[in-house]
Amino acid sequence: MNSLRMNYKRGETDMTIKIYDTMTRSLRDFVPITENTVNMYVCGPTVYNYIHIGNARSVVAFDTIRRYFEYRGYKVNYISNFTDVDDKIIKGAAEVGMDTKAFSDKFIAAFMEDVKQLGVKPATKNPRVIDYMDEIIDFVKVLVDKGFAYEANGDVYFRVAKSQNYAKLANKTLADLEVGASGRVDGEGEIKENPLDFALWKSAKPGEVSWQSPWGEGRLVGILNVLLWRQPFLVIRLIFTVVELTWNFLTIPTKSPNLKPKQEKHLPIIGCTMVL
């Protein structure tokens, strides 16, 4: 995964767009897979409540990046999902006596109205998790079949030790992460092979929304909602990928009198983005 930086220095005529490569910690020229077309996937909201200023910052920041690509002449396919299956959604819907879809619909409508008021352009598509559950189940099954995940008591966990590149984007090793995980205590500790392993699929509790799977009735967990959308407008074919959230920095030119001529100003952007 790369962080996007629109980078140039004062006085230079080269306006090539640069991508900050998180893996190598270096700038690279941006070259899209398809000429004159940029496919952007941006993590969307988990719709259990109204958005706050932090959510709005991320939306505005990535909309700015999209608009810059368009300004530079690219056609942009901008995909941003809605996570409409989640513990907080299930809990919130139960508290007000609504089913989870109606509960999510309410906050999706509110989100769309709020970002419209911020002047944010609509996404090319906003896929919803519940519309892709079959694909998600198939994807988890592939991970299990290849040994990257395992079933335990109806739950499915990602086997961290199987991935040689896990945490590379954060410039960490498994040993580094294990130091922080060693003191954790949770209800899953006794059934997980490794404290770092994390859930991909949860077995359903009584009364919860669920889908039939090879591991019984259940639903996805967190990160899987960003991994696989089978749509003709944006093809992301992932054999095996784990999206890691890192700080992204957008480098912008500035004429601030408080900054030295060659000093860059960095705006932190929270979120995960794929630019193809």
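That block above? That's the structure.
Residues numbered from 1 in each chain as written. Predicted model: local features only at pLDDT ≥ 70, side-chain atom pairs only at ≥ 80, totals over all residues. Heavy atoms only, no water.

**Thoughts on the side chain of Asp63**
The criterion, for reference: Only DSSP runs of H or I covering at least 4 residues are called helices, and only runs of E covering at least 2 are called strands; the numbering of each starts at the N terminus. Buried, partly exposed and exposed residues are distinguished by accessible area as a fraction of the type maximum, computed with a 1.4 Å probe on protein chains only: under 20%, between the cut-offs, and over 50%, respectively. Polar contacts, as counted here, are pairs of nitrogen or oxygen atoms within 3.5 Å of one another; within protein the pair requires one atom able to donate a hydrogen and one able to accept it, and residues that are adjacent in sequence qualify only if both atoms are side-chain atoms. Note on contacts: a residue pair is in contact if any heavy atoms of the two residues lie within 4.5 Å.
Note on placement: Asp63 falls in helix α1 (residues 53-71). Asp63 gets classed as buried once you look at its relative accessible area, which sits at 5%. Looking at Asp63, its side chain comes within polar contact range of the side chain of Arg67, at 2.7 Å. Beyond its immediate sequence surroundings of up to four residues, Asp63 is in contact with Tyr78, Gly119, Val120 and Lys121.

**Some points on the packing of aromatic side chains**
Where we set the bar: Only Phe, Tyr and Trp rings take part, Trp by its six-membered ring, and two of them pair if their centres are within 6.5 Å. Stacked means planes under 30 degrees apart, edge-to-face means over 60, and tilted covers everything else. Two conditions define a charge sitting above a ring: the NZ of Lys or the CZ of Arg must be within 6 Å of the ring centre, and it must be within 35 degrees of the ring normal.
Tallying each qualifying case throughout the model produces 10 aromatic pairs. An angle of 90° between the planes, with centres 5.7 Å apart, marks the rings of Phe69 and Tyr74 as edge-to-face. Judged by its relative accessible area of 0%, Phe69 falls in the buried class. Counting every residue linked through ring pairs, the aromatic cluster contains Phe30, Phe69 and Tyr74. Against the face of Phe148 rests Lys162, its NZ or CZ located 5.6 Å from the ring centre.

**With respect to the nonpolar core**
The test is simple: The criterion is simple. A nonpolar core is a set of buried Ala, Val, Leu, Ile, Met, Phe, Trp, Tyr and Cys residues joined through side-chain atoms within 4.5 Å.
The biggest cluster of nonpolar side chains holds 20 residues, and the ones touching the most others in it are Met133, Trp201 and Leu220. Elements supplying a minimum of two residues to this core: α4 (133-145), β7 (155-158) and β8 (198-203). No other element matches α4, which puts 6 residues into this core.

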